[in-house]
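Residues per chain are reported as follows:
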Amino acid sequence: MKLKSMKLFTLFIACLLLVPSGAFAMEESAEQAAEQQSATPDLAPSAMSAILMDAESGTIIYDKNSNEKLPPASITKVMTLLLIMESLQDGKIKMTDKVRTSERAASMGGSQIFLEQGEEMTVEEMLKGIALASGNDASVAMAEKLAGTEQQFVDMMNKRAKELGMNNTHFVNASGLPANNHYSTALDIAIMSRELLKHPEVLAYTGLYQDYLRKTSEKPFWLVNTNKLVRFYSGADGLKTGYTSEAKYCLTATAKRDNLRVIAVVMGEPTTKQRNAEVSQMLDYTFSQYMNHTLVNKGYTIGQLAVEKGKESQLTLTADKPLTMLLKKGTPVENIRQELHWNEPLKAPIKQGEQLGKLKVYQNEQLVKEFDITAPQSISKANWWHLLKRSVSGLFT
């Protein structure tokens, strides 16, 4: 298939917006990543493993042993929360649905909200119990609600991890309690944290510092967020802490200032004080050194793209989210240029998600990023009747 290059910004944006939310796949060259890493100070010296990531693009800012398999403790619950949020989005459950506590869920040790066998809470209350108090009992109760048994839910967790490209993760339970063969990595945790952030409504819970369960009952339960950064670090609103004697102190944190959201993960920290201090240092570094440069604002309508012999002859190109690029502060944006390579001509049938080409972004003469361009929707091939009507209609316009 013939490839055609184009440097005009207008056409670059038009084709760029063929990609729906989450369809960009950023690929950073090994040489560039190594150069950036060598220029970054050691931000988490006490951690066994750590990673710092731009939530919007997935660009890695800092990396320390991020592929080392380690016990994730309660950071496991990020996947539990993700499956809950996806079930809510798909309409499989509602926030007001009642969740009954089984004997097994009530028997969970470690962090808990002290559910009693047979006790019922809403999905929203269980969500608070997981997000704020890291409730193992609430996690198992929700796992059983969604999948019937915790083991079936764990199968769902591992399947979703595989779909997300979490290649060094294996879950054994929904809570993160110590278990053989239950492991993850800082990179994989950042990947699933980034996916969870596609459901920003979860931040209304992970960003709370305190709340109550059973507030009007005889046994009110005060929830205090195990992630103290949501109270003491400006812009922090999630996501999940973890601790076991084996895993030590772990945290996947997110914070947003201006239009820049960051994910910072540390594993194997010796104390909560060092965990919070080093994550704060990672966040401070990003906000002081980086910015998100906006290319296109959400909702901006660019135009339409013709499709040959398609049942629909045109695609409307509208930005469904802001399109941004992570840059070092002070970077002259006039030195950034784009080259678009796409397959032509664009002919039906087209499948949703089908790759249509590549976008290459250069800073001066250095290639800094590549993006896949994929179709936002499927377009079937028009039959002869559609084509005839279209041709006849064209005679009178």
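Now for a look at the structure at hand. Remember, predicted model here, so these are calculated numbers, not experimental data.

Attention now goes to helix 3 (residues 77–89). Relative to the 18 Å expected for 13 residues at 1.5 Å per residue, helix 3 spans 18 Å between its end C-alpha atoms, a close match to the ideal helical length. Among the 13 residues of helix 3, 12 are classified as buried, and the element is accordingly described as predominantly covered. Among the residues of helix 3, K77, V78, M79, T80, L81, L82, L83, I84, M85, E86, S87 and L88 are the ones counted as buried. Buried residues along helix 3 sit against helix 5 (123–131), helix 6 (136–147), helix 7 (150–163), helix 8 (186–196), strand 8 (236–244) and strand 9 (248–257). Just past helix 3, the residue G91 takes up positive phi, approximately 80 degrees.

Using the criterion set out here, one finds 10 salt bridges in the structure. A salt bridge links D97 to K94, with the shortest nitrogen-to-oxygen separation between them at 3.4 Å. Linking R261 and D237 is a salt bridge whose minimum nitrogen-to-oxygen distance equals 2.9 Å. Here D237 lies in strand 8 and R261 lies in strand 10 (residues 260–269), a separation of 24 residues in the sequence. Judged by its relative accessible area of 15%, R261 falls in the buried class. Taken together, the shared-partner salt bridges in this structure form one network comprising E86, R160, E163, E195 and K198.

Quick notes on the rules
- Along each chain, numbering runs from 1 in the same order as the chain's sequence is written.
- Local features in this predicted model are restricted to residues whose pLDDT is 70 or higher, and side-chain atom pairs enter the listing and the counts only when it is 80 or higher, whereas totals over whole chains, interfaces and linings include all residues.
- Hydrogens are left out, water is left out, and the side-chain values use all remaining heavy atoms of the structure.
- A run of DSSP states H or I qualifies as a helix once it reaches four residues; a run of E qualifies as a strand once it reaches two. Both are numbered from the N-terminal end.
- An expected span of 1.5 Å times one less than the residue number is assigned to each helix.
- Each residue is placed in one exposure class: buried if its accessible area under a 1.4 Å probe, protein chains only, is under 20% of its type's maximum, exposed if it is over 50%, and partly exposed if it falls in between.
- Whether two residues touch is decided by their heavy atoms; if any such pair falls within 4.5 Å, the residues are in contact.
- Salt bridges are defined as contacts in which a side-chain nitrogen from Lys or Arg sits within 4 Å of a carboxyl oxygen from Asp or Glu.

Functional significance is not addressed by these values, which are geometric in nature.
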